Amino acid sequence: MMRYFIGLLFFLSTLVAQVTDKNFKDEVSDGFTVIVFTSEWQEQALNDKVLKGVKGHEEARIITVKSEDTKKVVKKLRIRNFPSIALFHDGSKKKVWKADMDGEIDCSPADIKDVISETMSGDVF
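Report follows, based on the coordinates. (Residues numbered from 1 in each chain as written. Predicted model: local features only at pLDDT ≥ 70, side-chain atom pairs only at ≥ 80, totals over all residues. Heavy atoms only, no water.)

**Quick notes on the sheet that holds strand β1 (residues 32-38)**
- Spatial strand order, β2-β1-β3-β4: four strands in an open sheet with mixed pairing. Each edge of the open sheet carries a strand with a single partner, namely β2 (61-66) and β4 (92-97). On average, each strand axis in the sheet is inclined to that of its neighbour by 25°, with strand direction left out of account.
- With six bridges connecting them, β1 and strand β3 (residues 84-89) associate as antiparallel partners. (Pairing = 2+ DSSP bridges. Helix = DSSP H or I, 4+ residues; strand = E, 2+ residues; numbered from the N terminus. Axes fitted to C-alpha atoms, helices over the stretch in contact; angles between N-to-C directions.)

Structure (structure tokens):
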């Protein structure tokens, strides 16, 4: 029974709209969006602690996309190693944290929250 339930959840998760080069701008156009770029060949998954610490902060959304589906975006952001993270606010790129050759990202939840807070405070001058 549990195996059936897990299979059903996996199937339903694949029905969610897939982010591609064509709809990328629409996906990042409203509020804060954290995009996690992954690839089929990456050896390790992104540390979930980074994402759990950010999810919901200032209503931030977290979206994981496959680099193969967003080749133009990956090229424009100059991402070569995966996983990598990009933060967008209302369609505008705020910061990109790129993985090193070993697939490690020097990024913590506090780093992402700091950029969100700086964006929220705006330019006071």
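**Focus on the pattern of salt bridges**
- With the rule as written, the count across this model stands at one salt bridge.
- As a salt-bridge pair, Glu27 and Arg61 come within 3.9 Å of each other at their nearest N and O atoms. One end of the pair, Glu27, is in helix α2 (residues 24-27); the other, Arg61, is in strand β2, and 34 residues separate them in sequence.
- The class of Arg61 is partly exposed, set by a relative accessible area of 34%. (Salt bridge = Lys/Arg side-chain N within 4 Å of Asp/Glu carboxyl O. Buried < 20%, exposed > 50% of the residue type's maximum accessible area, 1.4 Å probe, protein only.)

**So, the pairing of β3**
- Within β3, six of the six residues are buried, which leaves the element mostly enclosed by the surrounding structure.
- The two faces of β3 match: Ser84, Ala86 and Phe88 on one face and Ile85, Leu87 and His89 on the other face are all buried.
- By the bridge criterion, five bridges tie β3 to β4 in an arrangement that is antiparallel. Each residue of the ladder has a partner; that of Leu87, found in β4, is Lys95.
- Remark: two residues form the turn of the hairpin made by β3 and β4, two consecutive strands paired antiparallel; Asp90 in that turn has positive phi of roughly 50°.

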